[in-house]
Amino acid sequence: MEVKIGVQHSPRELVLESAQTPAEVEEAVSEALAKDGVLALTDEKGRKVIIPVAKVAYVEIAEASHRPFGFTTR
């Protein structure tokens, strides 16, 4: 699953591939916002991303898209 996080005062967004389900990510974001703490997510390689909730502009949760490669017909 792909998670995009917009950070205030940053021209780029953070993008990570996570093994967590959309519901788990949504729950983590909601808990972090309620506690006004930090948002901590883990990507597929086990790296942890920690962001202060006060700096989060938006969080986009989407299923990973499997793009075709090579010679394909549509």
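Shown above is the structure to which this text applies.
Calculation rules
Residues numbered from 1 in each chain as written. Predicted model: local features only at pLDDT ≥ 70, side-chain atom pairs only at ≥ 80, totals over all residues. Heavy atoms only, no water. Helix = DSSP H or I, 4+ residues; strand = E, 2+ residues; numbered from the N terminus. Contact = heavy atoms within 4.5 Å. Salt bridge = Lys/Arg side-chain N within 4 Å of Asp/Glu carboxyl O. Polar contact = N/O pair within 3.5 Å; in protein donor to acceptor, adjacent residues only side chain to side chain.

Visitor: Honestly, the overall build of the chain in this entry has me stumped. Any pointers?
Guide: If you tally the helices and strands in the chain, you get one helix and five strands. Element order for the chain, N to C, with α for helix and β for strand: β-β-α-β-β-β. Of the contacts made within the chain by residues no fewer than 6 positions apart, 49% connect residues no fewer than 24 positions apart.

Visitor: Would you take a moment to explain the pattern of salt bridges for this structure?
Guide: One side chain can pair with another of opposite charge once the charged atoms of both are near each other. As enumerated under the stated definition, the model contains one salt bridge in all. R47 is the salt-bridge partner of D43, the closest N and O atoms lying 2.8 Å from each other.

Visitor: Would you take a moment to explain the side chain of S18 for this structure?
Guide: In this fold, S18 is placed in the loop between β2 (13-17) and α1 (22-35). From its side chain, S18 meets the backbone oxygen of T42 in a polar contact 3.2 Å long. Ignoring anything within four residues of it in the chain, the contact list for S18 reads M1, V3, T42, D43 and E44.

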